[in-house]
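# Structural characterization, general
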Amino acid sequence: MKKAIVLATLFGTAAYAANVTEVKVKPLDGFGGDAGQVVSIVKTRVGSEYDETAVAHDVANLKASGNFQDVSADAVRTADGVEVTFFVTRKMRFHGPLAVEGAEFFKLSKIASESKLKDGYLYGEGDFADAASRVADAYRKKYFPFVKVVPRVEPFDGADGVKLTFVIEEGERLKPRNLVFEGADKEYVEALNDKVRGWPWWNPFGWFLEDIMSDADLAASVFKIEEFYGDLGYLDAKVTGVRRESVGPEQADIVFTVEEGTRYKVGSSSIKGLTVYSESAVREKSAIPADGEWASLKTLAAAARSIEIAVGSGEAGLADTKVTVRKIVREDDPASMDIVFDVEEGTPVIIDSIVIDGNDYTKDKVIRREITLSPGDRMLENHAESSKRRLENLDYFKRVRYYLRGSQRTDPPKGFSYRDLVYEVEEKGTGAFQVGVGASSVDSIFASVELSQANFDLFAPGKLFRGAGQKGRLFVQVGPRIQSYEAAVTEPWLFDRQLEFTVEAHRRQRWYDEYDVVRSGASASISYPVKFFPSAKEAFGRFGARLSAELVDLEDVDDGVWTYKGRNVSLREEERKYGDAFEPVAGIFWSRDTRDTFRFTKSGSRTYLFCDVAPGGDNKYWKVGGEHRSYFTPWEKMDHVLMLAARVESIDGISDDVPIYNRMFLGGPRSVRGIEYRHVSPMARKNGADDWSPWGGQTLFCANAEYTVPVFKLLRIAAFTDVGSVSAKEFDLSDDFAWTAGIGLRIDIPQFPVRLDFAAPIKKPDHADKEVFSFTVGYDF
């Protein structure tokens, strides 16, 4: 196919003007056709002055009309002036129905649907080829790896009409059974399977993906396998062959022939080409592998990058430094390599401007506020790299990279140059719609629906409410013991400062055995990262304030009377005094979270401290408390994880008692396992029966320790112990102490983690019931 180009073969047309003497149209499609359609679109006319730019615009306009699949133009100088010829290949008008030859597996209706061709529409040859490719893809998804679909176009009904036939060679149907890695060490087979398939067998996300089978899939798999070995230090590893090996009717194994080669260690390392910084100074700031470590490609690439950052930072700041890696096999030890990092030093740079590229809907300021460099600053690689990581941590982009490009400024200070710093991003989907079913021994079975957007913009419906860096969330949870309806929006940079502002509204209802509690309300909070020492490089958590208001109601209360600490009490009295209560609350809090991930945490900690006061409304009280959780890897090589947690809270009424729905309870799968839910609490005995019910206290203490060990990737076994106490008085821990221990299983399926626990009390409060088995689904504990 010709490209749409303009060929000016006019000698001397730049020196003097010439008029157009003829405008011709030459169809290249074999249909002949109406030249008047072309002439009606172009602006080049006989008698007008020839303008090469105008002809180029005519070509663009003809393509934009949608009637032509290819357009080009030619201009020839004659004695009288200029002859302009437009060469056009018109699109064809498809006349259905689509015809098919050779198809057996799919019906004609399925093939027509996959082609997405519409009767009476104009299409080019490339469009028909794309339609054939879509049909072939549908076959490949049904395990026809050798399918061929060829479009055959035939004139129909004169003019530009055509009939289309897909000639199909389906080939053999082969559904992949196993992946086989000939020549691979048995130790690596499971990891190679995970690498090629993309998801391990136990992960439900992978259950709905197509198996690899197409030639393109196999080529990508070869790259993954060689990358896998390279990252282990097998720098010569290669896949020498791939074949499909039939193992039964319509089944085949995919066999990769692997030559692992030598697994290399680092014999020695050196840095060459440094003139400004000493090698020792660069080593100190770089991640260079130690002698004797495996010579992993990933490790060597990271080391080279760390050298580039080290040389591009500091007092000299040689921007655009490049490092290449030379690997030299040692003669005295063929399994070792001497690694040489060759440095090509850059030059000192001053940033002229910062350019953002690739953001279609994310606002510039959302990206710029994460970049710690500004125009006029020295270009320092460590700052640029940390800004890149900050952008990656937003999780708005598939890819983030930065580079320097030339600037228009030509007056830099001596020894420097001006450059523009460009951050190029590729956006990804940041919204999520999740429908799920959960369960626990407390909440029974419940269904939930969540709609969230991590890059939300409350005021941009035209961009599908995306791009301002806010967070939006709608959540519904419905079950026989709990109902929850929540909506929240968070602005992390209020007034373009690091003020995180959140507004939230909710209605939550929970059914207990003796009564139900309904809470409807809203809250607003604002927080700011704090540094306790002016010299601190990073914030030490966030300090904030919160205002909330709730309507709290007691419903479906038990009519009975209980004896509690020698006096009669009733839920009807609680309902009379505290039902339909309005609670405005003001509070302050401090939080810090350094966990590596919230899904399956292995290191870091989370701390939350708060103080709330409800000075007005129907219930007046104060409440203080805190929670801390730390994670350690005492045996990192074996992936053992130790979790230690502590929680303490206390509440007291200002002018009256504390309502039962504000009092404190422990017990159950998320606090003290082995004790019935809420049964670590002062208890009340129902008059006329031997039933005991938790009545709640005003001071709570809970501590947990858990040690988990992997069995395999999906499953971990846990040993734990929990202690807890709830006292009827404020700042008192004398009542109702519980201590339990047990074992459990952790089935860590992403988005669907299951926790199964078996526990027994070592010491339990009087009248508290045991709960040997408990379970939860989710990341809450």
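Quick note: structure is the one above.
A brief structural summary. Quick caveat, the model's predicted, so the values are computed rather than measured. (Residues numbered from 1 in each chain as written. Predicted model: local features only at pLDDT ≥ 70, side-chain atom pairs only at ≥ 80, totals over all residues. Heavy atoms only, no water.)

### With respect to the nonpolar core
Applicable threshold: We define a nonpolar core as any set of buried Ala, Val, Leu, Ile, Met, Phe, Trp, Tyr and Cys residues linked to one another through side-chain atoms lying within 4.5 Å. Three labels apply to residues, based on accessible area from a 1.4 Å probe with only protein chains included: buried if under 20% of the type maximum, exposed if over 50%, partly exposed otherwise in between. Comment: elements are numbered from the N terminus, with helices defined as DSSP H or I runs of at least four residues and strands as E runs of at least two.
Counting residues in hydrophobic clusters, the biggest one holds 22 residues, and the most contacted among them are I271, V282, I307, V311 and F341. Per-element accounting of this core gives the leading share, six residues, to helix 8 (residues 297-311).

### Some points on helix 2 (residues 52-64)
For clarity, the threshold we go by: What a helix should span is 1.5 Å times the count of its residues minus one. What the arc covers is the set of directions going from the helix axis to the C-beta atoms. Contacts described as polar in this section are N or O atom pairs within 3.5 Å, which, within protein, must combine one atom able to donate a hydrogen with one able to accept it, while residues neighboring in sequence count only if both atoms come from side chains.
In this model, helix 2 (13 residues) spans 19 Å end to end at C-alpha, consistent with the 18 Å of a helix rising 1.5 Å per residue. Every buried residue belonging to helix 2 is among V55, D58, V59 and L62, and all of these are buried. The arc that holds the buried residues of helix 2, viewed along the axis, is 100 degrees, so those residues lie on one side. Put simply, D51 is the residue that caps the front of helix 2, since its side-chain oxygen is 2.9 Å from the backbone nitrogen of T53. Just past helix 2, the residue G66 takes up positive phi, approximately 85 degrees.

### Observations concerning the sheet that holds strand 28 (residues 567-570)
To keep things clear, this is the line we draw: Pairing between two strands requires that DSSP report at least two bridges joining them. Note on geometry: axes are C-alpha line fits, over the in-contact stretch for helices, and angles between N-to-C directions span 0 to 180 degrees.
Strand order in the open sheet formed by four strands is 28-27-34-35, and the pairing between neighbours is antiparallel. The open sheet terminates on both sides in strands that have one partner only, identified here as strand 28 and strand 35 (692-694). Ignoring which end each strand starts from, the neighbouring axes of this sheet average 40 degrees apart.

### Thoughts on the environment of V180
Put simply, the rule reads: Any two residues whose heavy atoms approach within 4.5 Å are treated as being in contact.
The residue V180 is located in strand 10 (residues 175-182) in this model. Sequence separation between V180 and F397 is 217 residues, and the spatial gap between their C-alpha atoms is 35 Å. Setting aside chain neighbours within four positions, we find V180 in contact with D253, I254, V255 and F256.

### Comments concerning unusual backbone geometry
Each neighbour pair has its own omega, and for G96 with P97 the value is 5 degrees, a cis peptide bond. As for its position among the elements, P97 is in the loop between strand 5 (92-94) and strand 6 (99-101). Backbone geometry at D580 places phi at a positive 50 degrees, although glycine is not the residue there. With relative accessibility at 61%, the residue D580 sits in the exposed group. Even without being a glycine, R678 presents a positive backbone phi close to 70 degrees. In this fold, R678 is placed in the loop between strand 33 (674-675) and strand 34 (683-686).

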